[in-house]
Amino acid sequence: MGIIKRLEKRKYEVLLLVLAQHLFIGIFLTDFDFYTSTIWPINMLILGMGSIFIFIGKHSWQHWLRNFHFVIILLLPIGIPFFKDVTWYFTLLNINYVVFFCLLLVEVLRFLVKPGYINTDIISAAACGYFLLIEISVFLLQYFEYENRQAFKGLDTSSPAHTFIDLVYFCSITFTSIGFGDITPNLPVTKLTTAFIGIAGQFYTVVLVGILISKFSSDNK
């Protein structure tokens, strides 16, 4: 029980760690079939368990609806090895992940605008918000890719793992305004969505800096 309480107290740091490992664990892997069949389901289980602390203490009907959706999120990756060639399965998976990460982002933003002080939770939550924007963008663009294989040029579609990792890379460099040009959107919907993602990333950064400065000023006063 003591461990659970400590994890709940550090919930934004826990969420930051599980988001980072979900997005970037591919750095340490070379067997992408193993990644798809084993690591991804385990990865999502870790992510799900890490995010559950964000909703602890909420007992409304929306909370129970989120719990039901949370179970779906945990079960979906298990089917990837069996349905990796089924388009509708990945459509369902991507839509559910977008909703899941949007719910998490809303909770993180609610926390960020509340306190008038800065501590490790605020810094961790701010970083979580950035990673959550990347997660939402990745699964949104992945949805378009599975709907139409011409959605992007330069994307590796040889396996679900390669597609996911390429889109993590693409969204990260879009948010940071680097844009190497090795992967490019190829349809109007993906071009406009990518443009919106870039704007959202810049807007989040500007607003976040304003929030942190105001909290820092309040702390000093």
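One can find the structure itself at the top, above this paragraph.
To start, this report covers the structure provided alongside it. Just so it is clear, the structure is predicted and the values come from calculations on it, not from any experiment. (Residues numbered from 1 in each chain as written. Predicted model: local features only at pLDDT ≥ 70, side-chain atom pairs only at ≥ 80, totals over all residues. Heavy atoms only, no water.)

Regarding the pattern of salt bridges
With the rule as written, the count across this model stands at 3 salt bridges. A salt bridge links Arg10 to Glu13; its shortest N-O distance comes to 2.8 Å. The class of Glu13 is partly exposed, set by a relative accessible area of 25%. Glu107 serves as the salt-bridge partner of Arg110, at 3.2 Å between the closest nitrogen and oxygen. Of the two residues, Arg110 and Glu107 both sit in helix H6 (residues 87-113), 3 residues apart, roughly one turn of that helix. Judged by relative accessible area, which is 6%, Glu107 ranks as buried. (Salt bridge = Lys/Arg side-chain N within 4 Å of Asp/Glu carboxyl O. Buried < 20%, exposed > 50% of the residue type's maximum accessible area, 1.4 Å probe, protein only. Helix = DSSP H or I, 4+ residues; strand = E, 2+ residues; numbered from the N terminus.)

What about the packing of aromatic side chains?
The description of an aromatic ring pair uses the distance of the two centres, along with the angle that the planes make with each other. Taken as a whole and judged by the stated rule, the model has 17 aromatic pairs. Taking the centre distance of 5.9 Å and the plane angle of 75 degrees together, the rings of Trp88 and Tyr89 count as edge-to-face. Put simply, the rings of Phe83, Trp88, Tyr89, Phe90 and Tyr146 pair up and form one aromatic cluster. (Phe/Tyr/Trp six-rings, centres within 6.5 Å; stacked < 30°, edge-to-face > 60°.)

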